[in-house]
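Chains, contacts and geometry: an overview
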Amino acid sequence: MVEKLIKLKSKYYHYLDRKSRHIAYKLAENKNVTNLILDYANELYKSADSYKSTFREKNFDAGYHEPISSDFEFLIARILINYSNINDLNWKIYLRKQTNKCTPDIRIEKKDKTIAIIEIKAKAGWMRPFFSKQVYDEDKTKHNNGTEFNPKKLVKDVQKQLMKYKTHFRLSSQQVYLLLPTMVLAHKKSSNESIEDHRVFFAKNSKLPKENLILLSSNPMLSLNKTKLIRKDYLPTKDFEKMVRSIEKL
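Now for a quick tour of the structure. A quick note: this is a predicted structure, and the numbers were derived from the prediction, not measured. (Residues numbered from 1 in each chain as written. Predicted model: local features only at pLDDT ≥ 70, side-chain atom pairs only at ≥ 80, totals over all residues. Heavy atoms only, no water.)

**Some details on the sheet that holds strand 4 (residues 176-180)**
Here is the rule we go by: A pair of strands is treated as paired once DSSP finds two or more bridges between them. Secondary structure elements are taken from DSSP: a helix is a run of H or I of four residues or more, a strand is a run of E of two residues or more, and numbering for both begins at the N terminus. Lines are fitted to the C-alpha atoms to define the axes, a helix being fitted only along its stretch in contact, and any angle between axes, read from their N-to-C directions, falls within 0 to 180 degrees.
Strand order in this open sheet of five strands is 1-2-3-4-5, and the pairing throughout is mixed. Here the strands that pair on one side only, and so sit at the sheet edges, are strand 1 (91-95) and strand 5 (213-215). The average angle at which neighbouring strand axes cross in this sheet is 25 degrees, direction not considered.

**Here's the deal with the nonpolar core**
For clarity, the cut-off: The criterion is simple. A nonpolar core is a set of buried Ala, Val, Leu, Ile, Met, Phe, Trp, Tyr and Cys residues joined through side-chain atoms within 4.5 Å. Residue exposure (1.4 Å probe, protein chains only): buried if accessible area is under 20% of the type maximum, exposed if over 50%, otherwise partly exposed.
Counting 42 residues, the largest nonpolar core has Phe72, Ile118 and Phe240 as its most contacted members. Of all the secondary-structure elements, those providing two or more residues to this core are helix 1 (2-28), helix 2 (34-48), helix 4 (69-87), strand 2 (106-110), strand 3 (113-120), strand 4 and helix 9 (239-248). Of all hydrophobic cores here, the second largest spans 26 residues; its members include Cys102, Met127, Leu162 and Phe201.

**Here we look at the pattern of salt bridges**
Note the threshold: Salt bridges are defined by distance alone: a side-chain nitrogen of Lys or Arg within 4 Å of a carboxyl oxygen of Asp or Glu.
In the structure shown here, the tally under the stated rule is 14 salt bridges. When the shortest N-O distance is used, the salt bridge between Asp17 and Arg78 registers 2.8 Å. Linking Asp17 in helix 1 with Arg78 in helix 4, this pair joins segments that are 61 residues apart in sequence. The salt bridge involving Glu119 is made with Lys121; its shortest N-O contact spans 3.7 Å. With relative accessibility at 6%, the residue Glu119 sits in the buried group.

**With respect to a nonpolar patch on the surface**
Keep this limit in mind: In this scheme, patches are assembled from residues that exceed 30% relative accessible area and form no salt bridge. Like charges are connected within 9 Å, while nonpolar side chains (Val, Leu, Ile, Met, Phe, Trp, Tyr) are connected within 5 Å. For every accessible area listed, the method is Shrake-Rupley and the probe measures 1.4 Å; residues are considered covered only by the protein chains on display.
A surface patch of nonpolar side chains, amounting to about 560 Å² of accessible area, comprises Met1, Val2, Leu5, Ile6 and Leu8. Structurally, Ile6 is set in helix 1. For Ile6, a relative accessible area of 54% puts it in the exposed group.

Put into structure tokens, the structure is as follows:
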């Protein structure tokens, strides 16, 4: 039983790695790859929900949505290591590897020195006030009127974590990134805020450059967990490609 599960899991991660190598080769050819990353993120959501269609029984129903965070982080980490191998960059990629009580999502090391940290959030729902001033102001008003959630505390906690990485690994602000596929759960449908507004508010709250918010899509309402997505709705940015090039120069 255990051996079979291990083989199945191994097959799954080898599949993700093949996807990552495909992206890495295209990236090495100076091609834009963000559309592909968005495609594969959508695949992850579909695979996470596959048990629902597999087990359709009269007396069985499920509403649980398996999170894709760890698999998405794995995909990004494998893109980076494969890109490094193709270009002989000699990067070491640490995925959720603890070092002196610090566990960044991805840490990139070169010649025994950390050169970049990438925090990855598959979804931004719980961090909405960190990216949206409108949401922050609304939540602050609610908190002042008695609700428990305090957006100011959330902002301070996330900022503290990001600054901890910067201090602990002796990095500049330009070497710490936060990667987010889309702004869908942080952006209110009725809001007049633009993607640039979200970047500026992120910079204010994180104390990082606004360019270090790595968005894969400039469509604030793009939801990657939909069953059917239209590529024209992706509106891909070039943030990921620019981030890799920047780290490559370090």
